[in-house]
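Here are the chains, one letter per residue:
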Number of protein chains: 2
Amino acid sequence: MIIPTVDDMLAAHDRIRPHVHETPVLTSRYLDALTGANLFFKCENLQKAGAFKARGASNAVFGLSDEQAQKGVATHSSGNHGTCLSYAAGRRGIPCTVVMPRTAPQAKKDAVKGYGGRVVECEPSTSSREAVFAEVVAETGAEFVHPYNDPRVIAGQGTCSRELMGQVDGLDAVIAPIGGGGMVSGTCLTLSNLAPHVEIYAAEPEQADDAYRSFKAGHIIADDAPVTVADGLKVPLKDLTWHFVSNHVTDILTASEDEIIDAMHLIWKRMKIVMEPSSAVPLATILKNPDVFRGKRVGVIITGGNVDLDRLPWQ
Amino acid sequence: MIIPTVDDMLAAHDRIRPHVHETPVLTSRYLDALTGANLFFKCENLQKAGAFKARGASNAVFGLSDEQAQKGVATHSSGNHGTCLSYAAGRRGIPCTVVMPRTAPQAKKDAVKGYGGRVVECEPSTSSREAVFAEVVAETGAEFVHPYNDPRVIAGQGTCSRELMGQVDGLDAVIAPIGGGGMVSGTCLTLSNLAPHVEIYAAEPEQADDAYRSFKAGHIIADDAPVTVADGLKVPLKDLTWHFVSNHVTDILTASEDEIIDAMHLIWKRMKIVMEPSSAVPLATILKNPDVFRGKRVGVIITGGNVDLDRLPWQ
């Protein structure tokens, strides 16, 4: 297991800067009044390819030697990592293959293809995904870029909270959704080194709460094929993300499906931004745990905006 | 008829600065590639109260003498002006009455009430709206702030393009939706004085094309109760806005209902912002008239984001 360092994160930031946006931070007096906190929404839904994963994917793709790069890259992803790896590979002009659950939103499959990537479908379970993926790698010799359990990816995701620190002074806490733990691990990598006093919260759907149960148990607990509207958060922790989560996360909070959908509708209505259900889990947990956040300056990572507009969860 | 001057616009900018956002400008490589132009989206959907009309309403409300202010303000509005006048009146702590069509989106009626304003309903026609409004003014003695045919409002709306000039260099053109012509008149006021070389385009629904027909005819032509998904654009030009439109607008372009809805869906999907159908009319006309805009740096005013999320037009 190779644990990325803060220098890896700083190098990643220099490497990816030509390929990603410094995303804006939005605020809402209405939501501040509702929560009693000062919320600073880091809008990675406005990131290239519509998600923070453009950071980690770009760091992995542009860090490859020309020799490695010519065989291309491959991954398995419930959505945004695949889209973002396809985006990064397209920027470098190398092949990209993405194994996706057949049940993934059509919008996400189209997005992978839109950036030039190839989609190979699997069943909507971690076990099926890993089996199909093994065949793809055997056949292409492509470089595997794991969606989150990869030091290059975690170093790339860590650039998001480094940006946020430069945009907002005096943060007391940062909260991000947790699935496999890539964004949370990158946040831990950056903040534990550059701002160790800042609390780090992870937000997870009750119906996919394997990270929550792992955190309480002190070891990784993996679910197979959980069901939640937050389709980006179904995957389990792995050894590298567990390292960061178990050592640096302050707490993991959970929210119900209805609480997630209500928070998503609230953000769309009041902040006028399009973001996906996974990105609403942090606000849902803040609304559910006001005492934890009241009076604090809280960075809230809006992780992505790739939602199927023709199938919104409140309809 | 009192025609506002560029000094009125500059004074308005100083007056309203504490009460409105300097809204961000967003870009999209995808939409630039699709149109062959460089588009700079001025995001007034992220403005206070969700629309550019917070500018004109704030200028009118905060320009009142204390004596005038105590009787409050009143207006008729198909939506955003009423919401924004209620917002501005609430900031100053004075009463606000808004006459709205009973058919206006519930979200817009709730928004007026949410800022403390009173809603009085009328039939969805210009004639009914003006009759009911006369009763309201007679009974309250409130100061009438017209949604657009008011020099204070036009001077306030003009601050939007002044901001845009500071955010984007070398604009060749600016395009905004046109209903009554308040935003277009403010744009004309600012650009004709501060950047007279910049072309000014107005975008209108085919099914509410009274401004287009007025522009071609050389005199005001008013429709009563046109039907379009762009519900902010149903009202007719008046003498003051006609003055600016007839003297300074380069051309008026129109789009069909389907073209407006497709452009709205495209902006939501690619730019990840929530905006209302009226705000999609400019992109719809740019897509329909590529030769007019190809190779130009174009400011596109996204006028508002107050849409009923439970009744989206593509559903």
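Residues numbered from 1 in each chain as written. Chains lettered and ligands numbered in written order. Predicted model: local features only at pLDDT ≥ 70, side-chain atom pairs only at ≥ 80, totals over all residues. Heavy atoms only, no water.

Draft legend 1. Representation of the pairing of strand β10 (residues 297-302) of chain A in the model. Residues and elements named next belong to chain A. Most of β10 sits out of view: five of its six residues are buried. Bridge count for strand β2 (residues 38-43) against β10 is six bridges, and the pairing is parallel. Along β10, the bridge assignment pairs F41 with V300. Pairing of strand β7 (residues 173-177) with β10, which is carried by three bridges, proceeds in the parallel orientation. Residue A173 lies in a different strand from β10, and its bridge partner there is V298. (Buried < 20%, exposed > 50% of the residue type's maximum accessible area, 1.4 Å probe, protein only. Helix = DSSP H or I, 4+ residues; strand = E, 2+ residues; numbered from the N terminus. Pairing = 2+ DSSP bridges.)

Draft legend 2. Layout of the sheet that holds strand β2 (residues 38-43) of chain B. As summarised here, the arrangement of the six strands in space is β1-β2-β10-β7-β8-β9 (chain B), forming an open sheet in which the pairing is mixed. In this open sheet, the two edge strands, each paired with only one partner strand, are β1 (25-26) and β9 (251-255) of chain B.

Draft legend 3. Representation of empty space enclosed by the protein within the structure. Residues and elements named next belong to chain B. Tallied over the entire structure, the rule returns five cavities of 30 Å³ or more. When its volume is computed, the largest cavity comes out at roughly 300 Å³. Contributing to the lining of the largest cavity are 28 residues, with F52, K53, G180, G232 and L233 lying nearest its centre. Breaking the lining of the largest cavity down by element, the ones donating at least two residues are α5 (80-92) and α9 (182-194). Among the residues forming the lining of the largest cavity, the class breakdown is nine nonpolar, 15 polar and four charged. Two domains each put at least three residues into the lining of the largest cavity: domain 1 (6-52 + 150-302) and domain 2 (54-144). (1 Å grid on protein atoms, 1.4 Å probe; cavity = no way out; pocket = protein on both sides within 12 Å on 5 of 7 lines; lining within 4 Å. Points joined across faces, edges and corners; volume = space filled by probe spheres on them. Nonpolar A, V, L, I, M, F, W, Y, C, P; charged D, E, K, R; others polar. Domains from an automatic or database assignment.)

Draft legend 4. Region of the structure containing the domain arrangement of chain A. Residues and elements named next belong to chain A. Structurally, chain A comprises domain 1 (6-52 + 150-302) and domain 2 (54-144). Carbon and sulfur atoms make up 47% of the area that domain 1 and domain 2 hide from each other, which totals about 2,200 Å². If you sort the residues of domain 1 by the area they bury against domain 2, H19, A49 and R152 come out on top, with a joint share of 29%. At the surface where domain 1 touches domain 2, the tally comes to six salt bridges. Of the charged contacts in the structure, one is a salt bridge between E130 and K238, with a shortest N-O distance of 3.2 Å. When contributions to the side of domain 1 that touches domain 2 are tallied by element, the ones reaching two or more residues are α1 (6-16) and α8 (151-167). Sort the elements by how many residues they give to the side of domain 1 that touches domain 2 and α8 lands first, with eight residues. Here the residues of the side of domain 1 that touches domain 2 are counted per class, giving 13 nonpolar, eight polar and 12 charged. (Buried area = accessible area lost by both parts, 1.4 Å probe. Salt bridge = Lys/Arg side-chain N within 4 Å of Asp/Glu carboxyl O.)

Draft legend 5. View of the pattern of salt bridges. Per the stated rule, a full pass over the model turns up 40 salt bridges over all chains. When the shortest N-O distance is used, the salt bridge between D231 of chain B and K108 of chain B registers 3.1 Å. Highlighted residues: D231 of chain B in the loop between α10 (210-217) and α11 (239-248) and K108 of chain B in helix α6 (residues 106-114), separated in sequence by 123 residues. Considered together, D231 of chain B and K108 of chain B belong to a single accessibility category, that of buried residues. Overlapping salt bridges bring together K42, E44, R55 and E163 of chain A as one network.

Draft legend 6. Molecular detail of the relation of the copies chain A and chain B. For the pair chain A and chain B, the relating rotation is 180 degrees, the translation along its axis is 0.0 Å, and the fit reaches an RMSD of 0.0 Å. Taken together, the turn and the small shift mark the pair as related by a two-fold rotation axis. In terms of proximity to the rotation axis, the leading residue of chain A is I273 of chain A, whose C-alpha is 2.2 Å off the axis. When the interface residues of chain A are mapped onto chain B, 100% of them again lie at the interface, so the same face is used by both copies. (Least-squares fit on C-alpha atoms with pLDDT ≥ 70 in both. Contact = heavy atoms within 4.5 Å.)

Draft legend 7. The sheet that holds strand β5 (residues 118-122) of chain B, seen in detail. All names here are of chain B. Judged by pairing direction, the sheet is parallel, and its four strands sit side by side in the order β5-β4-β3-β6 without closing on themselves. The open sheet has two edge strands with one neighbour each: β5 and β6 (143-144). Across five bridges, the pairing between strand β4 (residues 96-101) and β5 is parallel. Across the sheet, the residue bridging to P101 is C122, located in β5. Packed on one face of the sheet, α5 meets β3 (73-76) and β4 and runs near 170 degrees to β3. (Axes fitted to C-alpha atoms, helices over the stretch in contact; angles between N-to-C directions.)

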